[in-house]
Amino acid sequence: MRDSDKTKKELIAEIQALKARLDEKGGPGDCAAHLHSMGICPCGVFDAALDAMFLIDREGNYLDVNRAGCEMFGYSKDEILGSNIRLLLFPEEVEKAFDDGKKILKDGTYFPGYRMRKKDGGEIWVGMSVVPLNIGGKDCLLGVKRDVTAERTTSIALWREKDLAQKYLDVAGVVIVVINADQKVSLINRRGSEVIGCAEKDIVGVNWFDNFVHEKDREGARSAFRDLIGGNGVHAGYYESRVVAGDGRVRTMAWRNTVLKDENGKICASLSSGEDITERILSEEALLKAREDLEARVAERTGELERANSALETEISEREKAESVLRSMLEGTSSVLGSEFLRSLVRTLATTLDFHYAFVGELSGGGERVRTLALWANGQFAPDFEYGLKD
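Our subject in this report is the structure included herewith. Each chain has its residues counted from 1, following the order in which its sequence is written. In keeping with the predicted nature of the model, local features appear solely for residues at pLDDT of at least 70, side-chain atom pairs appear and are counted solely at 80 or more, and the whole-chain, interface and lining totals rest on all residues. Only hydrogens and water are set aside when side-chain values are computed; all heavy atoms of the structure are taken into account.

What to know about the side chain of Asn84
- By secondary structure assignment, the location of Asn84 is in the loop between helix 5 (77-80) and helix 6 (91-107).
- Accessibility here uses a 1.4 Å probe with only protein chains present; expressed as a share of the type maximum, an area under 20% marks a residue as buried, one over 50% as exposed, and anything in between as partly exposed. Look at Asn84 and you get buried, because its relative accessible area is 17%.
- Pairs of N or O atoms are called polar contacts if they sit within 3.5 Å, as long as, within protein, a hydrogen donor faces a hydrogen acceptor (for residues adjacent in sequence, only side-chain-to-side-chain pairs). A polar contact is formed between the side chain of Asn84 and the backbone oxygen of Glu59, at a distance of 3.1 Å.
- Of note is the side chain of Asn84, whose polar atom sits 3.2 Å from the side chain of Asn61.
- Here Asn84 is in contact with Glu59, Gly60, Asn61, Tyr62 and Phe98, once residues within four sequence places are set aside. Here a strand is any run of E in DSSP of at least two residues, a helix any run of H or I of at least four, and the numbering for each starts at the N terminus. The contact rule is simple, with two residues in contact once any of their heavy atoms fall within 4.5 Å.

Next up, the structure:
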C-alpha cells in the first residue's frame, strides 16, 4: 500500500508509533536531527500524507509542516516554519488553542477543532488529531489537520433545516409526535409538550403508551400502533383516545396518523397529529345536557298545560251543565205563578240536578229558624216544616 493511500486512522497509528520511538530516543537536539537519527525522513512521513501535518512546541511555534499543510493554508513551508500558531488562527481562537495544548501535554491525544484563516484571508474549519511528543526533553505536539469546512457547512445547513422544521412544528396548533417502532417518542413539538405538561426532554426517549396514554385506552392505542407499524393502514385515519398529562389531567385527542420509512423503505416510526378536543367534547356534553333539560321542562310544561286544559274543559262542562239547569228551571217554572211557582221550582231543581231533596225556605224567629215554603223529597212533594238553625 502506498503512503498516499493511508487512511487518517492509519496515519494516527503511525504518529503514535513515531511518538513512542522519539520518547525512547530522548536527549537534547534539533527535532529534525532526531528524526534523521532514527532513519526517518520527515518528508517521507509528512509529505506523503493527504492530511495536513504540523509539529509545534509548547509555546505554539511551528517546527515542521508537510506539503498538504502548506497547500491547505496557501503558505510556503519557509513562511510557516518559525512562525507561531497565531499566524493561522483567528484571534478569538488563540486562547482556546493554548488551553487545548496544555490539556494534550497533560492527558494525551485530543481531537479539537478550530476556525482558521488562510494566507488570502479565507476562513476554513479544521478538525484535528493531536498527540504529545517529547523530543530531546522538549515537549512538542504533532497534529493531523483536515479541512472540514464542507462537512461543517453541510452540518449547519442540516441543522438549520431541522431548526426550521422544528419551528414549523412548534407554530402548529396541533400536537405533532413521532413514535419509533420501539414505542418510544423521538420527536414532539411545543404544542405536544404543552398538552402533556412536560418538557420535551422528559418526553423524548420515553415509551408513549406506558407513560402518556390513559390506562383505559392504552392497549387499544398500542394495538392500533402495532398494526400501523406492521403495514396495516386501517388506523391511519381518524380516531380518538385520551392522554394523561404530567399533573394527572386527562385530555381527549383526535388523532390522524401516517408512517415514516427508512432509507430501505421499511416502516420505522409513526407520525401523528393530534387535536385536543377536550373542550369541544365538554361543550357537546353540556349542550346535550341542556337539550335533555329543555326536553324535560317542555314535557313538564306540556303536562301542566294538559292538566290546565282538562280543568278548563271540566269547568266549561260544569258551566254548560249549570246553564242547562238554569234553562230547565226557567222552562219548568216560567208558566207557574204564585205559590205554585215555589213548588215547581223545588221539583225542577231536584229532577234537573238529580237530587233526592230540594226545598225553598224563609228565615223566621229573628233569623234563628227556617220555615220551608216548598219541599220536594224522594220524587214527590212533602209537607212543610220548621227547624232551628241551632238545633
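Section: helix 6
- Expected span, for any helix, means 1.5 Å times one less than how many residues it has. Here helix 6 is 17 residues long and its end C-alpha atoms lie 25 Å apart, about the 24 Å a rise of 1.5 Å per residue gives.
- Every buried residue of helix 6 is accounted for by Glu93, Val94, Ala97, Asp100, Gly101 and Ile104. In a view along the axis of helix 6, the buried residues occupy a sector of 135 degrees, so they form one face of it. Facing away from the buried side of helix 6, by more than 90 degrees, are the exposed residues Glu92, Glu95, Lys102, Lys106 and Asp107.
- The first or second residue beyond helix 6 is Gly108, which carries a positive phi of 110 degrees. This arc corresponds to the set of directions leading from the helix axis out to the C-beta atoms.

Notes on the layout of surface pockets
- A pocket, in this scheme, is an open set of points on a 1 Å grid over the protein atoms alone with protein on both sides within 12 Å along at least 5 of 7 lines, while a cavity is a set where a 1.4 Å probe fits but cannot get out; residues line either one if an atom lies within 4 Å of a point. Grid points are joined across faces, edges and corners, and a volume is the space filled by probe spheres set on the points. Taken as a whole, the largest pocket holds about 350 Å³ of empty space.
- Listing elements by their share of the lining of the largest pocket, those giving two or more residues are strand 1 (52-57), helix 6, strand 3 (113-117), strand 4 (123-135) and strand 5 (138-147).
- Of the residues forming the lining of the largest pocket, the biggest block, 7 residues, is contributed by helix 6.
- Grouping the amino acids of the lining of the largest pocket by side-chain chemistry returns 15 nonpolar, 3 polar and 6 charged. Note on residue classes: Ala, Val, Leu, Ile, Met, Phe, Trp, Tyr, Cys and Pro are nonpolar, Asp, Glu, Lys and Arg are charged, and everything else, Gly too, is polar.

Brief notes about the side chain of Ser241
- For Ser241, the location among the structural elements is in strand 8 (residues 238-244).
- Its relative accessible area of 8% is what places Ser241 among the buried residues.
- Looking at Ser241, its side chain comes within polar contact range of the side chain of Trp255, at 3.0 Å.
- Once residues within four sequence positions are removed from consideration, Ser241 is found in contact with Asp217, Arg251, Thr252, Met253 and Trp255.

Quick notes on the packing of aromatic side chains
- Any Phe, Tyr or Trp ring, taking Trp's six-membered ring, that has another such ring centre within 6.5 Å forms a pair; planes under 30 degrees apart are called stacked, those over 60 apart edge-to-face, and the others tilted. Going through the model one piece at a time under the given rule, you end up with 7 aromatic pairs.
- The interplanar angle of 75 degrees and the centroid separation of 5.9 Å between the aromatic rings of Phe54 and Phe73 together place this pair among those described as edge-to-face. Of the two residues, Phe54 sits in strand 1 while Phe73 sits in helix 4 (residues 67-73), which places them 19 residues apart along the sequence. Here Phe54 matches Phe73 in class, with each residue buried.
- Measuring from ring centre to ring centre gives 6.1 Å for Trp208 and Trp255, while their planes differ by 85 degrees; the resulting arrangement is edge-to-face. On the criterion of sequence distance, the pair formed by Trp208 in helix 10 (residues 208-212) and Trp255 in strand 9 (residues 250-261) is long-range, its members being 47 residues apart.
- Trp255 gets classed as buried once you look at its relative accessible area, which sits at 4%.
- Lying over the aromatic face of Phe90, Arg115 brings its terminal NZ or CZ to 4.0 Å of the ring centre.
- For the cation-ring pair, Arg117 lies above Phe90, with the distance from its terminal atom to the ring centre recorded as 5.8 Å. Working rule: Lys NZ or Arg CZ, within 6 Å of ring centre, within 35 degrees of ring normal, means a charge sits over the ring.

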